[in-house]
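Commentary on secondary and tertiary structure
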Amino acid sequence: MSDSNTFSDMLAYMPTNLPTSDVCPNVIGQTMMARAVDLLNNGVLDMGAFYGSPGIMNSKYSWYSPELFSQITDAVQKFALEHGLRVLIIWGLDSVRGANFVKGAVIFPTGIATAATFNPQHAYNASRIAAKDTRAAGVHWAFAPVCDLIFNKTSPRLYESFGGDPFLFSHMTAASVNRYQGDYKCDRLRVAACAKHFVGGLNVDKNELSSCKISKTELFEYSILLFKAAINVGVVTMMADFGSINEE
């Protein structure tokens, strides 16, 4: 089904407590407004931030073209400036190896495969295109790169990382941040980068939400160095780990 047909069903998301005439009239059309307001009524307006795609995951509505995606983000921003706190929404996407939430975006090899080339230029180039495709969707913030040095080879998210060598990893991280970000405030082909997951987050056995197992030496002598590499080249945001370390 094409994107134009996809939006024909979006009227089902129109909230009953907000009349159509009050939903950013004449911006991009009633059906897209319905989806935008659905997002806002589910907490986006109160939090001031939205993470992910406006699509309905695991369905035929999962991905939108850059044009339609950006129309939704623009509509949300306009609505946010006219209601509630009247501040812009911070919108972020998990564009780790490409803007995978955007239809037609280029998807690159995993982090571990990129690191296997031992060439930071590949991380640089992949991040440049991922930033461009993310920004084309009207999103200004990418939750990347992954800065988790892997010590546990059974980690279910090993593939996201640049591996287990701190020296190589640092160079890959710096190259990635540089190209995602650059002068993101002025350059419409760049986005704000986000180093994640601080710290040691992917060193788990089976469940990504279980406690990370990592020694203090590995944590302070190696893992933190990768986030330092990101900070040294100016990364503007960092994402906290979503689990505990050594069950603490």
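Residues numbered from 1 in each chain as written. Predicted model: local features only at pLDDT ≥ 70, side-chain atom pairs only at ≥ 80, totals over all residues. Heavy atoms only, no water.

A short note on the overall build of the protein chain
In terms of regular secondary structure, the protein chain is built from seven helices and five strands. Ordered by position from N to C terminus, the α and β elements of the protein chain give α-α-β-α-β-α-α-β-α-β-α-β. Out of the 248 residues belonging to the protein chain, those deemed buried represent 50%. Of the contacts formed within the protein chain by residues at least 6 apart in sequence, a portion of 72% connects residues at least 24 apart. A total accessible area of about 12000 Å² is found for the protein chain, and carbon and sulfur atoms account for 56% of it. (Helix = DSSP H or I, 4+ residues; strand = E, 2+ residues; numbered from the N terminus. Buried < 20%, exposed > 50% of the residue type's maximum accessible area, 1.4 Å probe, protein only. Contact = heavy atoms within 4.5 Å. Areas by Shrake-Rupley, 256 points an atom, 1.4 Å probe, with all protein chains shown as cover.)

Thoughts on the pattern of salt bridges
Close approach of charged atoms allows side chains of opposite charge to pair. Summed over the entire model, instances satisfying the criterion amount to four salt bridges. Where D133 meets K132, a salt bridge forms, and the shortest distance between an N and an O atom there is 3.0 Å. Residue class for D133 comes out buried when judged on its relative accessible area of 11%. The salt bridge partner of E160 is R157, with a shortest N-O separation of 2.6 Å. The same class applies to E160 as to R157, namely buried. (Salt bridge = Lys/Arg side-chain N within 4 Å of Asp/Glu carboxyl O.)

So, the packing of helix α6 (residues 166-181) against helix α7 (residues 216-232)
Where α6 contacts α7, the two axes come as close as 8 Å, and the packing angle between them is 25 degrees. Comparing the axis directions of α6 and α7 gives the class roughly parallel. Crossing of α6 over α7 shows right-handed handedness. Contacts between α6 and α7 involve P166, F169, S170, T173 and V177 from the former and Y222, L225, L226, A229 and A230 from the latter. Along the lines of polarity and charge, the residues of the contact of α6 with α7 split into eight nonpolar, two polar and no charged. (Axes fitted to C-alpha atoms, helices over the stretch in contact; angles between N-to-C directions. Parallel < 35°, antiparallel > 145°, perpendicular 65-115°, else oblique. Left-handed = near helix turned anticlockwise from the far one by under 90°. Nonpolar A, V, L, I, M, F, W, Y, C, P; charged D, E, K, R; others polar.)

Overview of the pairing of strand β4 (residues 194-198)
Every regular strand shows the same layout, with side chains that alternate between the two sheet faces. Judged by how many residues are buried, β4 sits mostly within the fold: four of five residues are covered. As defined by bridge partners, β4 adjoins strand β5 (residues 237-240) across four bridges and the pair is classed as parallel. By the bridge assignment, K196 is partnered in β5 with M239. (Pairing = 2+ DSSP bridges.)

Quick word on the packing of helix α5 (residues 120-136) against α6
In contact at an axis separation of 8 Å, α5 and α6 are set at 30 degrees when each is read in the N-to-C sense. Taken together, α5 and α6 sit at an angle that is classed as roughly parallel. Classified by chirality, the crossing of α6 by α5 is right-handed. Note on element contacts: α6 touches α5 through H171, M172, A175, S176, N178, R179 and Y180, opposite P120, A123, Y124, S127, R128, A130 and A131. Along the lines of polarity and charge, the residues of the contact of α5 with α6 split into eight nonpolar, four polar and two charged.

What about a nonpolar patch on the surface?
On the surface, F198, I231 and M238 cluster together to form a nonpolar patch covering roughly 270 Å² of accessible area. Tracing the backbone shows M238 in strand β5. (Patch = residues over 30% accessible without salt bridge, like charges linked within 9 Å, V, L, I, M, F, W, Y side chains within 5 Å.)

Things to note about the side chain of R157
Looking at the secondary structure, you find R157 in the loop between β3 (141-142) and α6. What makes R157 buried here is its relative accessible area of 15%. Separated by 2.6 Å, the side chains of R157 and E160 make a polar contact. (Polar contact = N/O pair within 3.5 Å; in protein donor to acceptor, adjacent residues only side chain to side chain.)

Brief notes about the confidence of the model for the protein chain
The pLDDT averaged across the protein chain works out to 78; a share of 73% of its residues lies at or above 70. Below pLDDT 50 for its whole length, residues 1-31 participates in 56 contacts with residues either more than four positions away or in separate chains. (pLDDT = per-residue confidence, 0-100.)

Looking at the environment of N119
Of note, N119 is situated in the loop between α4 (111-115) and α5. Here the alpha-carbon distance between N119 and H171, two residues 52 residues apart in the chain, equals 8.9 Å.

A word on α6
With 16 residues, α6 should cover 22 Å at 1.5 Å per step; its first-to-last C-alpha distance of 22 Å lies within 8% of that length. Within α6, 13 of the 16 residues are buried, which leaves it mostly tucked inside the rest of the structure. (Expected span 1.5 Å × (residues − 1).)

Regarding the sheet that holds strand β2 (residues 90-93)
Spatially, β1-β2-β3 is the arrangement adopted by the three strands of the open sheet, whose pairing is parallel. This sheet does not close on itself; its edge strands, each paired only once, are β1 (49-51) and β3. Bridge analysis of β1 against β2 gives three bridges, and the strand direction is parallel. When the bridges of β2 are listed, F50 appears paired with W91.

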